[in-house]
Amino acid sequence: MKNLSDSDYLKSEYKKINKLFLLRKFDLVIEKTKKILKKNSTQIPFYNLLALSYRETGNLFLSEKTLIDALKIKPNDQSLLVNLGSVYRVLIEYKKSEKYLLQALSINPENINAIVNYANLKRDTNNYNESIQMYEKAYKMDDKNPIILINLSGIYQIVGKFSQSQKLLEKLLSQEKKNALAHKMLSTIKKYEIKDSHQAEMLLILKENLLSDYDKATLCFAISKSYEDQKNYKKSFEFFKQANDIQKKIHRKYSINDEANLFNKIKNIFKITNLEKYPNYLNDKKLIFIVGLPRSGTTLAHQILAAHSKIHGAGEMVILDQFMKKNINNDKFISMFYEYQSENNKFLEDIIKKYFSKISFIKTSKNIILDKNPLNFQWLGFIKVLFPNSKIIHCTRDLKDTALSIYKNAFDINSIVWSNNQDDLVKYIILYLDLMKFWETKFPNFIYNLSYEKLIENNKKEINNILNFCELNFENDCLNFNQKANPIKTVSVTQARKPIYKTSLNSFEKYKNYLDMFNEIKELEKNTYK
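Residues numbered from 1 in each chain as written. Predicted model: local features only at pLDDT ≥ 70, side-chain atom pairs only at ≥ 80, totals over all residues. Heavy atoms only, no water.

**Q** How do you make sense of the pattern of salt bridges when you look at a structure like this?
**A** Oppositely charged side chains are able to pair whenever their charged atoms sit close together. Scanning all chains against the criterion turns up 30 salt bridges. A salt bridge links D124 to R89, with the shortest nitrogen-to-oxygen separation between them at 2.6 Å. Placement of D124 in helix 7 (residues 112-124) and of R89 in helix 5 (residues 78-90) is noted, with a sequence separation of 35 residues between them. By relative accessible area, R89 is classed as buried at 9%. Between K190 and D196 there is a salt bridge, and its shortest N-O distance comes to 3.3 Å. Residues K190 and D196 agree in their burial class; the two are buried. The network of salt bridges with common partners includes K65, D69 and K72. (Salt bridge = Lys/Arg side-chain N within 4 Å of Asp/Glu carboxyl O. Helix = DSSP H or I, 4+ residues; strand = E, 2+ residues; numbered from the N terminus. Buried < 20%, exposed > 50% of the residue type's maximum accessible area, 1.4 Å probe, protein only.)

Right, here's the structure in full:
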């Protein structure tokens, strides 16, 4: 057999490794690309595969380093520039992201990948009109590209253009019948009747058993939602249970002990901290943080407050959460929060400036920024030091309803891994309750506890209470928030656009015969905030 030339060999290896990438076997991709690059250090396509695999496995800084090293070899390679811009977007380094994406576009203004990634940046910084214009430009260039169709339909959902989104998703599915993400996105905005053809199509695809585990889980969540619409709760349970079991298998190395260790570390940092000794750092913008467990009414609270004339609803920002996760194991960083020391003032002020620099990409003339990342409840001590004049709205909801809603909904696969297993979910709720009790004791009157049930039953009174806590006047727009059509990026993309409704109360009753965790959660409910 004739030996392959180096060029043919590399092409053959790239094809094999790219297939592994598409199958989401990222550890194998990393292993094989590193071997290739050790012998052939100038091969740009393999740098891209390596960097993208690092990114998919959460190793963003290794992804960044890989791309920077590759750019030293080929400084104007558009694929490297676009991928690095994309990594910086995920790292919330928006200025750097824009720099590299614009550099790619200056080389080729018609680079469709650069256009889409720049649109992603505009979307993530809440510049929705600009983002839509760029996605639509890319769509005109290639109206069959699945990435463009997914992203454009996604942003149409964010801004409430559901019919446009549905048309694009149906078009994509006519091209790629097994596109699990498209099925899931369509299920989010579709209401299923008995004997729905889309449901039958999804069941057939699942039965063929040709999908990756990741896609199987995604499709199972979509099928589960279709059965819930049809009030077939047993079938709905079977499919969201299957989806969670698959995701638990994907994250088999995960341990809830990681969360327990983090929460204990946080409590130890602030155990003896005298917060009153810290100066009152002044900022041009005021901040409101909506926190709590996911699916506890945080999106509803956000939409109500975002309807106020003085508040800009920034949605679920990851800036603070990502910054804290990056620094929580840095001894020098955490030492600044054990106790106040005047020599740390400059460092703390630099942190504050960096935060406001990152959110400066949000285009608004309003003076109050609303951040509704629920998991910021972990960082309330740091928020109290850095942003002492901020307001904290802590959303609470019947824990059984909350746990059900977390368990049956699809989140980003790498985001809240503890949600894929009932035991882990209950343990996380226990950790959350304990940490919130710690914060309440540490700084009383800093947190407003907003009961979802009370908000539903007496919305005008509760909205008035929230606004009083935030030192704002009552506005009728907050009561009629659903008429404002503010963008929504979360799982609640359709529900939070409706007027306040009561059908979500006691939703666990429909599934009480299928989920064991409800019995244990009942024992926890005496610890909830009333």
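**Q** Explanation requested: the pairing of strand 5 (residues 447-451) in the structure shown.
**A** Successive residues of a regular strand alternate their side chains across the two faces of the sheet. Counting buried residues along strand 5, 4 of its 5 residues qualify, which places the element largely inside the surrounding structure. Taken together, the 5 bridges between strand 4 (residues 391-396) and strand 5 define a ladder with parallel strand orientation. When the bridges of strand 5 are listed, T396 appears paired with S451. (Pairing = 2+ DSSP bridges.)

**Q** Quick question: what am I supposed to make of a positive patch on the surface here?
**A** Side chains of K96, K99, K326 and K354 sit close together on the surface and give a patch of like positive charge. Among the structural elements, K99 can be located in helix 6 (residues 94-107). Residue K99 is classed as exposed on the basis of its relative accessible area of 51%. (Patch = residues over 30% accessible without salt bridge, like charges linked within 9 Å, V, L, I, M, F, W, Y side chains within 5 Å. Areas by Shrake-Rupley, 256 points an atom, 1.4 Å probe, with all protein chains shown as cover. Lys, Arg positive; Asp, Glu negative; His and termini not counted. Charge placed at Lys NZ, Arg CZ, Asp CG, Glu CD.)

**Q** Sorry if this is basic, but what is going on with the sheet that holds strand 1 (residues 286-292) here?
**A** Backbone hydrogen bonds hold the strands of a sheet together, and the pairing may be parallel or antiparallel. Pairing is parallel across the open sheet formed by 5 strands, whose spatial order is 2-3-1-4-5. With one partner strand each, in any of the chains shown, strand 2 (311-313) and strand 5 form the two edges of the open sheet. On average, each strand axis in the sheet is tilted by 25° relative to the strand beside it, whichever way the strands run. Helix 16 (residues 298-306) rests against strand 1, strand 2, strand 3 (368-371), strand 4 and strand 5 of the sheet, and its axis sits at about 155° to strand 1. Along the sheet, helix 24 (residues 459-469) makes contact with strand 4 and strand 5, crossing strand 5 at roughly 170°. (Axes fitted to C-alpha atoms, helices over the stretch in contact; angles between N-to-C directions. Contact = heavy atoms within 4.5 Å.)

**Q** What exactly am I supposed to notice about the nonpolar core here?
**A** Nonpolar side chains in soluble globular proteins tend to end up buried together. Of all hydrophobic cores here, the largest spans 151 residues; its most connected members are F270, F337, Y355 and W439. Examining the composition of this core, we find that 11 residues originate from one element, helix 22 (residues 422-442), more than from any other. With 27 residues, the next largest nonpolar core counts I290, A307, I311 and C395 among its residues. (Core = buried A, V, L, I, M, F, W, Y, C linked by side-chain atoms within 4.5 Å.)

**Q** For this particular structure, what's the right way to read the pairing of strand 3?
**A** The two faces of strand 3 match: I368 and L370 on one face and I369 and D371 on the other face are all buried. When strand 2 meets strand 3, the two strands line up parallel, connected through 3 bridges. The residue bridging I311 from the neighbouring strand is I368, located in strand 3.

**Q** Please explain the packing of helix 11 (residues 180-189) against helix 13 (residues 213-229) as it appears in this structure.
**A** When two helices pack together, their arrangement is captured by the angle between the axes and the distance separating the axes. Between helix 11 and helix 13, whose axes approach to 8 Å, the crossing angle comes to 20°. Between helix 11 and helix 13, the interaxial angle falls into the category roughly parallel. The chirality of how helix 11 crosses helix 13 is left-handed. The segment helix 11 lies against helix 13, with A180, L181, H183, K184, S187 and T188 engaging D215, T218, L219, F221, A222 and K225. (Parallel < 35°, antiparallel > 145°, perpendicular 65-115°, else oblique. Left-handed = near helix turned anticlockwise from the far one by under 90°.)

Note that every value here comes from positions in space, so none of it alone points to a role or purpose.
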